[in-house]
Amino acid sequence: MERFDALVVGAGPAGSTAALRLARAGARVLLADRARFPRDKPCGGGLTGRAVRELPCDVGPVVEDRVAEVELRLGYRKRFERRTAAPVVLMTQRRRLDAFLVEQAVGVGVDFRDGVTVVGLSAGPDGAEATVGTDRVHAEIVIGADGANGTSAKALGLAGAPHYSVACEGNVSYDAIPERRYRGRAVVELGVVPGGYGWVFPKGEHANFGVGGWESEGPRLREHLRRLCAEHGVPGSALTDVRGHRLPMRRPDGPLARGRALLAGDAAALVDPLSGDGIYEALVSARLAAEHALAFLAGDAGALDRYAPTLQRVLGPHASASWGAKVALDRFPRTVFALARAPGVFRVVSGILAGELGHPQEARGLVRAPLGLVERLARAAGDPGAPYRVSA
């Protein structure tokens, strides 16, 4: 029986950064993933400024583009652009980002094992046990961070019933499209996919084209993607690496922890309802999981019990605002698009993305009027963000 302070299942951004933080503080950590690294994962690959603030290391070596210009279009017709003095999103690829974060974790002493399955996982009053590959392991704490399709949440008795969105994406080489059109720019297509949007994000040698929306749009996603490409003058033959994936969005009562077990990232269904981004939430949950785990290992018996309410308090306001904006945009796309053009609105949005503002309600001045109207539209559309305000 091998013994560790913490077993982390899943080596995406949540798992690798939680492991890194734990090991950096002196904990003995085993990080396990069923895939062989480097491996790719479907993802837009954008690191917002607020996500970068949560990173425990500099990811400059894997950044492929820096976005300081955002182009918003409605129904592939109306459009406007906004620029920022500093980049609001850093673009990378999950294959590179995840491998880099694992390397940083290994560099501070994490025992990383890839290409192994974790079976027989259980957690009780005396810790967690599992078979990792062929080795039997005991850990004082286990963090499940193996994504939307992982098995740790179910094994640990923490499986919830999240809401799901779906997305489909592919890549187009700059040989097939005008590189200058997309470099340093994120194109967001609103009002084209129910419950979501289309996007074009710049990368190193290609642009990432994708669409996402309600789970019910699954059968139509490839058609939505073809339309997106056609509107950008991209022939179907130029689109490569096409893949789809589910985006889990936690319900207000979705489980996050139990005894010696914590969930982080997509395993906890923490994807942002509006943007579909889960990296920021993954990094926040990883930081909080590591902090509470370290406190527990240092003798604070109640530390793990505080993880879930702390995470709810931090992410609840974001989830509430995102659900509200999501349904307002879905129900009243033209009105929301017009409000997005109002003076100061994009400055608030970019401030939130950059991590300079924590929530739209922190905005001051004349911009409060259009933001307040979006909130009223959300309430008229059912106010799905209300339960998150209560749980926060």
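In this report, the structure presented in the accompanying data block is examined. Treat the numbers as computed from the prediction; the structure is a model and nothing was measured. Residue numbers here run from 1 along each chain, matching the order of that chain's written sequence. Local features are withheld for residues below a pLDDT of 70 in this predicted model, meaning they are given only at 70 or higher, and side-chain atom pairs are given and counted only at 80 or more; totals for whole chains, interfaces and linings count all residues. Values shown for side chains rest on all heavy atoms present in the structure; no hydrogens or waters enter the calculation.

## Focus: empty space enclosed by the protein
Part 1 of the argument: A 1.4 Å probe that fits into a set of points on a 1 Å grid over the protein atoms alone but cannot get out defines a cavity; an open set with protein on both sides within 12 Å along at least five of seven lines defines a pocket, and lining residues are those with an atom within 4 Å of a point. Grid points are joined across faces, edges and corners, and a volume is the space filled by probe spheres set on the points. This structure, assessed with the given rule, holds 2 cavities of 30 Å³ or more.
Part 2 of the argument: Here the largest cavity is characterised by a volume of approximately 190 Å³.
Part 3 of the argument: Lining the largest cavity are 17 residues, and of these R250, L270, L315, A319 and Y388 lie nearest its centre.
Part 4 of the argument: Where helices and strands are cited, they refer to DSSP runs of H or I of at least four residues and of E of at least two residues respectively, numbered from the N terminus. Element by element, the count of residues in the lining of the largest cavity is highest for helix α8 (residues 307–331), at 7 residues.
Part 5 of the argument: Lys, Arg, Asp and Glu make up the charged group, whereas Ala, Val, Leu, Ile, Met, Phe, Trp, Tyr, Cys and Pro make up the nonpolar group; the residues left over, Gly among them, are polar. Its residues assigned to classes, the lining of the largest cavity comprises 11 nonpolar, 3 polar and 3 charged.

## Some thoughts on the layout of surface pockets
Left-over empty space is what a probe sized like a water molecule reveals as it rolls over the atoms.
Part 1 of the argument: Put simply, the second largest pocket is a space of about 300 Å³.
Part 2 of the argument: A class-by-class count of the residues in the lining of the second largest pocket yields 13 nonpolar, 4 polar and 6 charged.

## What about the nonpolar core?
Part 1 of the argument: Residues enter a nonpolar core if they are buried and are Ala, Val, Leu, Ile, Met, Phe, Trp, Tyr or Cys, with the set joined through side-chain atoms within 4.5 Å. Note on classification: 1.4 Å probe, protein chains only; a residue is buried when its accessible area is under 20% of the maximum for its type, exposed when over 50%, partly exposed between these limits. Core analysis: the largest hydrophobic core is formed by 72 residues, its most contacted members being L7, L22 and V59.
Part 2 of the argument: Sorting elements by how many residues they give to this core places helix α7 (residues 279–297) first, with 11 residues.
Part 3 of the argument: Ranked by size, the runner-up nonpolar core spans 33 residues in total, among them V188, F201, W323 and F337.

## Focus on the packing of aromatic side chains
Part 1 of the argument: Stacked, tilted and edge-to-face are the three classes assigned to paired rings of Phe, Tyr and Trp, where Trp is represented by its six-membered ring and a pair needs centres within 6.5 Å; plane angles under 30 degrees give stacked, over 60 edge-to-face, the rest tilted. Scanning the entire structure with this criterion turns up 6 aromatic pairs.
Part 2 of the argument: Relative to F112, the ring of F37 has its centre 5.4 Å away and its plane inclined at 80 degrees; by these criteria the two rings are edge-to-face. Of this pair, F37 sits in the loop between β2 (29–33) and β3 (46–48) while F112 sits in strand β8 (residues 111–114), and the two are 75 residues apart along the sequence.
Part 3 of the argument: Taking 5.3 Å as the distance between ring centres and 55 degrees as the angle between the ring planes, the aromatic pair formed by F80 and F337 counts as tilted. Highlighted residues: F80 in strand β6 (residues 78–83) and F337 in helix α9 (residues 333–340), separated in sequence by 257 residues. For the pair shown, F80 and F337 are each scored as buried.
Part 4 of the argument: One aromatic cluster is present, formed by Y197, W199 and F201 through successive ring pairs.
Part 5 of the argument: By the criterion adopted, a ring carries a charge over it if an Arg CZ or a Lys NZ lies within 6 Å of its centre and within 35 degrees of its normal. Directly above the aromatic system of Y280 lies the positively charged group of R50, at a separation of 4.2 Å from the ring centroid.

Geometric values such as these leave the question of function open.
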